[in-house]
Amino acid sequence: MSERLKIAITKGRLLDKSVELFEAAGLDCAPIRDPGRRLVHSLPNYPLDAVLAKAPDVITYVEHGVCDMGIVGKDTILEKGGSFYEVLDLGFGRCRFALAVRQGSDFYGTYKTRRIASKYPEVTRTFFEKKGMDVDIIKIEGSVELAPILNLTDAIVDIVETGATLKANGLVPIEDVAQVSARLIVNTASMKLYKAEIEDFIARCEAELERREHD
Amino acid sequence: MRYTINTPEGTRDRLFTECQERRQVQARLTRLFRQRGFLEVSTPETEFYDLFALSGSAIAQERMIKVWDPSGKFCVMRPDSTTPIARVAATKRKAVPLPQRLYYDQTVYRSNPAHNGGSREIPQCGVELIGARGKKADVEIIVTAIDALRSCGAPKFQVELGHAGFFRELAGRLELAEDAVEEMRRLIEGKNFAALNDFLEPHRGNPACAALERLSRLFGGAEVLTQAERLAGKTPAVDYLAELYDELSAAGYGQYIRFDLGMVHQIDYYTGVVFRGYVEGAGDAVLSGGRYDNLVGAFGREAQATGFAVDVDAVARTLPEITPPVLRTIVHYEPGYLAQALEAVDGRPAGTSELSPCRTLESSLNLARDKGAEAVLVFDKDGERTVRV
């Protein structure tokens, strides 16, 4: 192996799961577990340097080629788009995008243009575009559930894990928009220029994922 | 109106060595193109939107920068150079007998999403070989692409070949609806291994499946062609790539060649071999091209064609920075001694000396001090002398 690869990992829950995966695949992740004040964490037993970033920034760093690979949720990929290879579904960080409405309301039973609140306007737009339906999309930064409660919108498109938050606020999911999980993405030029190194890393992750499937 | 002192997003001023670094790449590329018999053409900065929209250009409408001509017709800033050059080749029949080698050195304009750091103005140098089909034409364009990157001084680079026909043939064996083919194409282009597997699940019985499933992983050295044949049987596309590879290797170009059979971008536009060039230090392909046999015909003159474009700034960014010359000498001259002063400036390396616009020697010395020059060279009635600063 000649080249040290650089990977950007989404901070938070995906980071913990990524470290678990790497360690199971035989990579020593002590520098990530105990980062101190460093920003770049070099793994001692594998030619890989890790940086931690917010999800959309992971895509930015990989797209610009300053990181060769990244770990990021499919939700961010769907919302932000971009040009990179999406090579592995890592299987963790599973949840789904759903369309949710107020309990008892008939979302499709009207000719009026519906209003949708979402933190993910692009995901929402694509979903309704496929249905050939015109909707007004309002971007909400915080708790999206508030928008229909306050009567700002007819529905929301949001990430649903257990559905407990929706239920507590009198909302019900009526349709799945997309399935979400963590993905391994790769810069297009790095994939070609450091093929051997990147394929080795992918193979190690794949082997561990396969082992998990059979457990 | 304070904002008017800033340049719009996606545009920038270029100063000094930034210009030189771009010019250097352009000079190296165009010297090679001319040497190989390509003639320069230059096309308008703005053309009718329909030129690009109706001829099947791969640039999405939202990425074109729109303007209007004086009659109110809808125009765009040139989003790519191949389409206008195909128009020239098809319509200027007398001036352009086929086959014809044409090159360009001009900017294309594309709008980007906000705040992604991309440039709206992309200088490109490229070639088109119009009115020639077959292996010799493809080989010529591929070696020109390799020599283009080599002539720029790129330390580590490779040119990757694919073939539009390979995907078309395999997709054809599955007998899918058009939008399903497009979805599959997107998954292969994005090397979305997992989603591609899921997509192919219902077609497991079809022998083409195994090859399609592996398609996005079929990249690398010449061994890829053997793998492809093992998976898909004999295909004209892979046989053709193998023939090209033999030819290129015999000419000493084999070491620069890689393959990516999962290179399935713009599948409706390209009709044969496609290729991309990668340079270490650039986060995306810096060179892109391929065979497009239908485009020129869209303008009324059937002609097979192939060509490529180099992203000049992307290449320039991977090269060592140019060190600007250091100003050493300010040349001060008294009235009547201009000729001698000019001779002194012209005789030194560019940028290391300049004329002083000052009337008195004292002002010239102050100027030299301000600009960090070592000495003032004086021409007056006593002849020539050097005053240290």
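Being a predicted model, the structure only gives us computed values, none of them experimental. (Residues numbered from 1 in each chain as written. Chains lettered and ligands numbered in written order. Predicted model: local features only at pLDDT ≥ 70, side-chain atom pairs only at ≥ 80, totals over all residues. Heavy atoms only, no water.)

It is worth spelling out the overall build of chain A at this point. Looking only at helices and strands, chain A features nine helices and 11 strands. Seen through its C-alpha atoms, chain A measures out along the principal axes to roughly 60 × 40 × 30 Å. The buried share among the 215 residues of chain A stands at 49%. Here the contacts in chain A between residues at least 6 apart in sequence split such that 67% fall between residues at least 24 apart. In the structure as shown, chain A presents an accessible area of about 10,500 Å², 47% of it carried by carbon and sulfur atoms. When the 29 basic and 34 acidic side-chain charges of chain A are each reduced to a single mean position, those positions are 4 Å apart. (Helix = DSSP H or I, 4+ residues; strand = E, 2+ residues; numbered from the N terminus. Buried < 20%, exposed > 50% of the residue type's maximum accessible area, 1.4 Å probe, protein only. Contact = heavy atoms within 4.5 Å. Areas by Shrake-Rupley, 256 points an atom, 1.4 Å probe, with all protein chains shown as cover. Lys, Arg positive; Asp, Glu negative; His and termini not counted. Charge placed at Lys NZ, Arg CZ, Asp CG, Glu CD.)

With that settled, consider the pairing of strand β4 (residues 69–73) of chain A. Residues and elements named next belong to chain A. The buried fraction of β4 amounts to five of the five residues, a majority that puts the element mostly inside the structure. Here β4 shows a buried face lined by Met69, Ile71 and Gly73 and a second buried face lined by Gly70 and Val72. Across three bridges, strand β1 (residues 5–10) lies against β4 in parallel orientation. Across the sheet, residue Ile9 finds its bridge partner in β4, namely Ile71. As defined by bridge partners, β4 adjoins strand β11 (residues 182–186) across five bridges and the pair is classed as antiparallel. Opposite Gly73, over in β11, you have Ala182 as the bridge partner. (Pairing = 2+ DSSP bridges.)

Looking now at the interface of chain A and chain B. Accessible area lost during the coming together of the parts is what is often quoted as the interface size. At the junction of the two partners, chain A supplies 20 residues and chain B supplies 20 residues. Here chain A and chain B share an interface that buries about 1,700 Å² over both sides, 51% of which is from carbon and sulfur atoms. Of all residues in chain A, Tyr85, Lys192 and Leu193 of chain A bury the most surface against chain B, accounting for 35% of the area lost on that side. The interface formed by chain A and chain B includes three salt bridges. (Buried area = accessible area lost by both parts, 1.4 Å probe. Salt bridge = Lys/Arg side-chain N within 4 Å of Asp/Glu carboxyl O.)

Another aspect to go through is the nonpolar core. Among the nonpolar cores identified, the biggest contains 100 residues, and Phe33, Phe166, Met184, Phe275 and Phe308 of chain B are the most heavily contacted of them. Top contributing element to this core by residue count: helix α4 (residues 135–152) of chain B, with 10 residues. Counting residues in hydrophobic clusters, the runner-up holds 37 residues, among them Val19, Phe22, Leu27 and Ala189 of chain A. (Core = buried A, V, L, I, M, F, W, Y, C linked by side-chain atoms within 4.5 Å.)

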